[in-house]
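Listed below, chain by chain, are the residues.
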Amino acid sequence: MRGDCDSLRVLTQACADRLADGITIKLARVGGITRARLIRDAAVEMGLAVTVEDTGGAEIGTAAIAHMSLSTPESARLHTVDFHNWVTVSNATGMPACRDGQMASPTAPGLGVVPLEQEFSPPTYAT
């Protein structure tokens, strides 16, 4: 069985029940990169195949996916997706072009992309 894994608890239970040989980690669904890394590292230690994705997005999200996926040991890395090529509005520059079905992570500091601030809505504040 392969499926989405939204917490360390779900991962450990699925392994204890022998229900999984691989997982998909969606960054936003688990609460961000820090939690995703914990789940990914545990899955690798358990010998599972790992797919890193998100719930969609443009360059900023794809950069995070690329970094997390490419930092997964190659023996455990299954695949990922280039969501920035699925949308019509870019939200950053600096994401390397995909070539021959391969995606690379940006090499600049941080996520490696430069946000296009004009594409974001003005901030809203709770009152």
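In this report, the structure presented in the accompanying data block is examined.

What follows concerns the packing of aromatic side chains. The relation between two aromatic rings is expressed through the spacing of the ring centres and the mutual angle of the planes. Applying the stated criterion across every chain yields a total of one aromatic pair. On the numbers, 5.1 Å between centres and 75 degrees between planes, the contact of Phe-83 with Trp-86 is edge-to-face. With relative accessibility at 59%, the residue Trp-86 sits in the exposed group.

All right, on to helix α3 (residues 33-45) then. For α3, with 13 residues, the first-to-last C-alpha span of 18 Å sits near the 18 Å given by 1.5 Å per residue. Within the span of α3, buried status applies to Ala-36, Ile-39, Arg-40, Ala-42 and Ala-43. All buried residues of α3 lie within an arc of 165 degrees about the axis, which places them on one face of the element. For α3, the exposed residues set more than 90 degrees away from the buried face come down to Thr-34, Arg-37 and Glu-45. Elements in contact with the buried residues of α3: α1 (8-16), β2 (22-26), α2 (27-30), β3 (49-53) and α4 (59-70). Of the residues trailing α3, Gly-47 is marked for its positive phi of about 80 degrees.

Moving on to unusual backbone geometry. Even without being a glycine, Arg-18 presents a positive backbone phi close to 55 degrees. In this fold, Arg-18 is placed in the loop between α1 and β2. For Arg-18, a relative accessible area of 79% corresponds to the exposed category. Of note, Asp-100 is a non-glycine position whose phi angle comes to about 55 degrees, a positive value. Note on placement: Asp-100 falls in the loop between β4 (92-93) and β5 (114-115). For Asp-100, a relative accessible area of 80% translates into the label exposed.

Definitions and cut-offs
- Residues numbered from 1 in each chain as written.
- Predicted model: local features only at pLDDT ≥ 70, side-chain atom pairs only at ≥ 80, totals over all residues.
- Heavy atoms only, no water.
- Phe/Tyr/Trp six-rings, centres within 6.5 Å; stacked < 30°, edge-to-face > 60°.
- Buried < 20%, exposed > 50% of the residue type's maximum accessible area, 1.4 Å probe, protein only.
- Helix = DSSP H or I, 4+ residues; strand = E, 2+ residues; numbered from the N terminus.
- Expected span 1.5 Å × (residues − 1).
- Arc of directions from axis to C-beta.
- Contact = heavy atoms within 4.5 Å.

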